[in-house]
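# Breakdown of the fold
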Amino acid sequence: MKTKITSEWVDEKLKNGFLRNDLKLILASSDEEAEILYRAAREVRDQQFGRKAFIRAVVEFANSCRCSCLYCGMRLNNPDGMNFSLDHAELLAIARTAYENGIRTFFLQAAESESYGAIWLRDVIADIKELGMGVLLCVGVHQESDLDLWRDAGAYKFILKHETADKELFQRMKPGFTLEDRIEWLKILRRHDYHIGSGPLLGLPGQTVDSLVDDLFLLRDLHVEMSSVSVFLPAAGTPLENEPTGDPELGLRFIAAMRLFLKDTLIPATSTFERLLENGQYRCFQAGANVITVNMTPQKLRDDYTIYSDRFYVGLEHARKTIRKAGLVETTEGELLS
Ligand code: SF4
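First things first, this report covers the structure right here in the doc.

Right, let's get into the overall build of the chain. In terms of regular secondary structure, the chain is built from 15 helices and ten strands. Whereas a compact globule of 338 residues would reach a radius of gyration of roughly 20 Å, the chain reaches 19 Å, a difference of no more than 12%. When burial is assessed residue by residue, the chain has 46% of its 338 residues classed as buried. In the chain, the proportion of contacts linking residues at least 24 apart, taken out of those at least 6 apart, comes to 78%.

Right under this line is the structure:
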């Protein structure tokens, strides 16, 4: 007979640890069981961090990419690929606006490319740090020596999504790259004193619940400070454009599983949930998330950063409203972690 998830079951697992089958049960939970899990996940979040959430600002500053991930609209082989990059002054002006709006974490995101130089990025990081903001990078794999440059300039966190812990699926989705190398790069980031973030893309064609459980174990084994999940949405013009969208309800269960299993990681309410579900990001907070990212990429460039088609762009008002609706108090990352 299938084990039923109850509050007592969750309490016992929180005390004695979640095994592989327990995590599978969470991912396969009924709606009624999921509500029990979400409540428990909120309690764990509140014990670890208080009833608080913080906002970070992201700017996508370059979209030319040397990689060819099957699911991404910016892949090298996409004939519709556009190229843009923001200059130093534009980025600084955006960071200043974020600072003036009370945001203290600035997230520099770009496709994987040498189109912006390491020294250029170091100078951008240093100037944003000078404003009084923490700098988080998500720029893919580069020279190891660049990591020290950027960290010394003030970048202290680095996100590198592993996308899937299924080796074969990884290689199929990211031709020319291996999961082993990706994991090694996360370990290199750690050796260079970065706080690291990672997570899967949920709903990739051929992904299994077993591999999602592997994702959870991988995040735990890497001791990530930030864990996240995005839901697969097919991007136009890619080999996966006709594949079905991932299941956001399963994504919410994955958030709860991360909170219950990893406990003290920062978990963002990512924009794919808002795109796919009514009040999707509010529901992420209800499942244990505690971060939301506002998109400050200039309007004229956003549509050329095509991780998926018809993106939902999170604005500051929406982010603040969502935090309040979830009964959380907005804070800064520094305060949340102090
Ligand atoms: S997912 Fe990232 S690395 Fe892959 S093609 Fe898109 S921008 Fe490049």
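Moving on to the nonpolar core. The biggest cluster of nonpolar side chains holds 97 residues, and the ones touching the most others in it are Leu37, Phe106, Leu108, Val135, Ile255, Ala256 and Ala257. The contacts of Ala257, once residues within four sequence positions are left out, are Leu23, Ile26, Leu27 and Leu216.

Here we take up the environment of Val58. In this fold, Val58 is placed in strand β1 (residues 52-62). The spacing of Val58 and Asn295 is 237 residues in sequence and 5.1 Å in space, taken between C-alpha atoms. In contact with Val58, other than residues within four places in its own chain, are Phe107, Gln109, Thr293, Asn295 and Met296.

The geometry of helix α2 (residues 20-27) relative to helix α10 (residues 248-262) is characterised by a closest axis approach of 8 Å and an angle of 145 degrees between their N-to-C directions. Pair α2 / α10 crosses with right-handed handedness. Each of Leu23, Ile26 and Leu27 in α2 lies in contact with α10, whose residues at this interface are Leu250, Arg253, Phe254, Ala256, Ala257 and Phe261. Across the contact of α2 with α10, the residue classes break down as eight nonpolar, no polar and one charged.

Another point: the pairing of strand β4 (residues 155-159). β4 sits mainly inside the fold: four of its five residues count as buried. Two strands pair when backbone bridges link them, and strand β3 (residues 134-138) and β4 are joined in this way by three bridges, in the parallel orientation. Residue pairing in the sheet places Val135 in a bridge with Ala155 of β4. Tracing the backbone out of β3, into helix α6 (residues 144-153) and back to the parallel element β4 gives a crossover that is right-handed. Both β4 and strand β5 (residues 195-198) contribute to a ladder of three bridges, which runs parallel. Its bridge partner lying in β5, Lys157 is registered against His195.

Contact geometry of α2 with helix α9 (residues 209-221) gives a least axis separation of 10 Å together with a crossing angle of 115 degrees. The handedness of the crossing between α2 and α9 is right-handed. Taking contact as the criterion, the partners of Arg20, Leu23, Lys24 and Leu27 in α2 are, on α9, Val209, Leu212, Val213 and Leu216. Grouping the constituent residues of the contact of α2 with α9 by class yields six nonpolar, no polar and two charged.

Turning our attention to α2. Among all positions of α2, only Asp22, Leu23, Leu25 and Ile26 are buried. The buried residues of α2 all sit within an arc of 155 degrees when viewed along its axis, so they share a single face. Exposed residues on α2 whose side chains face more than 90 degrees from its buried face are Arg20 and Asn21.

Before going further, it helps to examine the pairing of β1. Burial within β1 is extensive, with ten of its eleven residues counted as buried. The pairing of β1 with strand β10 (residues 329-331) spans three bridges and is classified as parallel. Looking across to β10, one finds that Ala53 is bridged to Glu330. With five bridges joining them, β1 and strand β9 (residues 291-295) adopt parallel strand pairing. Within β9, the position partnered with Arg56 by the bridge is Thr293. Alignment of β1 against strand β2 (residues 105-110), held across five bridges, turns out to be parallel. Following the sheet pairing, Val59 is matched in β2 by Leu108.

Scoring rules and cut-offs
Residues numbered from 1 in each chain as written. Predicted model: local features only at pLDDT ≥ 70, side-chain atom pairs only at ≥ 80, totals over all residues. Helix = DSSP H or I, 4+ residues; strand = E, 2+ residues; numbered from the N terminus. Rg over C-alpha atoms; globule rule 2.2 N^0.38 Å. Buried ≥ 20, exposed ≤ 12 C-beta atoms within 10 Å, placed from the backbone. Contact = placed C-beta atoms within 7 Å. Core = buried A, V, L, I, M, F, W, Y, C linked by C-beta atoms within 7 Å. Axes fitted to C-alpha atoms, helices over the stretch in contact; angles between N-to-C directions. Left-handed = near helix turned anticlockwise from the far one by under 90°. Nonpolar A, V, L, I, M, F, W, Y, C, P; charged D, E, K, R; others polar. Pairing = 2+ DSSP bridges. Right-handed = clockwise from strand over helix to strand, strands pointing away. Arc of directions from axis to C-beta.

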